[in-house]
Amino acid sequence: MAAGETNSDKTGNEGCQLYLVTLPALDPRAFADTLARALDAGDVAALQLRLKDVDDDALRRAIDILRPVAQSRGVAFLLNDRADLAVRHGCDGVHLGQGDGDHAAARKLLGPERTLGITCHNSRHLAMEAGEAGADYVAFGAFFPTATKQAEHTATPDILEWWTEMFELPTVAIGGINAGNCGPLVRAGADFLAVVGAVWNHPDGPEAGVRAMNAAIAAA
Ligand SMILES: Cc1ncc(COP(=O)(O)OP(=O)(O)O)c(N)n1
Ligand SMILES: Cc1nc(C(=O)O)sc1CCOP(=O)(O)O
Ligand SMILES: [Mg+2]
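Rules used throughout
Residues numbered from 1 in each chain as written. Chains lettered and ligands numbered in written order. Predicted model: local features only at pLDDT ≥ 70, side-chain atom pairs only at ≥ 80, totals over all residues. Heavy atoms only, no water. UniProt positions renumbered as here; feature names shortened; annotations may be inferred. Helix = DSSP H or I, 4+ residues; strand = E, 2+ residues; numbered from the N terminus. Buried < 20%, exposed > 50% of the residue type's maximum accessible area, 1.4 Å probe, protein only. Pairing = 2+ DSSP bridges. Axes fitted to C-alpha atoms, helices over the stretch in contact; angles between N-to-C directions. Contact = heavy atoms within 4.5 Å.

In the nomenclature of an unreviewed UniProt entry, the protein corresponds to Thiamine-phosphate synthase from the organism Teichococcus oryzae. According to the UniProt record, the Sequence similarities (unreviewed entry) comment for the protein is "Belongs to the thiamine-phosphate synthase family." Per UniProt, the protein carries the Function (unreviewed entry) text "Condenses 4-methyl-5-(beta-hydroxyethyl)thiazole monophosphate (THZ-P) and 2-methyl-4-amino-5-hydroxymethyl pyrimidine pyrophosphate (HMP-PP) to form thiamine monophosphate (TMP)."

Okay, structure coming up:
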């Protein structure tokens, strides 16, 4: 991630890090404390604010409340879908899908310092295009069934292995990942595991979710 240091000294794992994505709907004021506790529970490299079906005012408000919580802890604060708002509101970067506009134009808008992540499903071709457009990471998924969104593509660990052997650009794995199933993705070379439900819906709370994910990554 292009955004500052991570708090990786909280665990021994150097090879793969946790990347949190928010639930698609939340009250930012109420969520700020939950987020702070989750980020303090262990190593988290990045947080993506992924709010769906909200207007720009609500998105700006959420950014203004949640961005400092992440950035003050050295956690990169990435925005889903909106390179324009990411630049205007001090985010560390943006995550764009295949339907989220012109990736090369977003790269220009973001400048060299902010992070650009691009969804590549299970496609080597899309990942190479993302690299050419200037992505800082390529995201593959969904690796497992997910209740968070209707995922139309399925990914398998061999794409992580292949990409890692061929290219330097970091990979993010996403989709239904939890502490019980993440081992093969870590061993296949994923640089980041992006999760929603495994942390925010963990039965013992998000802090337990962060601890469980970090322990599973370290054990893989
Ligand atoms: C890290 C990461 N990977 C993939 C996605 C999915 O992005 P996209 O395909 O644009 O779908 P939405 O998230 O916009 O519904 C992601 N957000 N983050
Ligand atoms: C936002 C998103 N994108 C995906 C993709 O496959 O591109 S899967 C997904 C949801 C991830 O949530 P959970 O960790 O709860 O499965
Ligand atoms: Mg998108």
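Further notes follow.
Undergrad: I tried to follow unusual backbone geometry on my own but got confused; where do I start?
TA: If a residue is not glycine, its phi is most likely negative; likewise, a peptide bond is most likely trans. Following Gly-141, the chain continues into Ala-142 via a peptide bond in cis, with omega recorded as 5 degrees. Within the fold, Ala-142 resides in the loop between strand S6 (137-141) and helix H6 (157-166). In the Ramachandran plot, Asp-81 falls in the positive-phi region, its phi being about 75 degrees despite a non-glycine side chain. By the secondary structure assignment, Asp-81 is in the loop between strand S3 (76-80) and helix H3 (83-88). With phi around 55 degrees, His-121 is a residue other than glycine that occupies positive phi space. Mapped onto the fold, His-121 is located in the loop between strand S5 (115-119) and helix H5 (124-133). The buried category is assigned to His-121, whose relative accessible area is 19%.

Undergrad: Just checking my understanding: could you explain the sheet that holds S5 for this structure?
TA: If you trace the eight strands once around the closed barrel, you get S1-S2-S3-S4-S5-S6-S7-S8, paired in parallel fashion. Within this sheet the neighbouring strands show an average axis-to-axis angle of 25 degrees, counted without direction. Inspection of the sheet shows strand S7 (residues 171-174) paired to strand S8 (residues 192-195) by three bridges, in the parallel sense. Bridge pairing links Ala-173 to Leu-193 in S8. Along the sheet face, helix H2 (residues 56-71) touches strand S2 (46-49) and S3 and points at about 155 degrees away from the line of S3.

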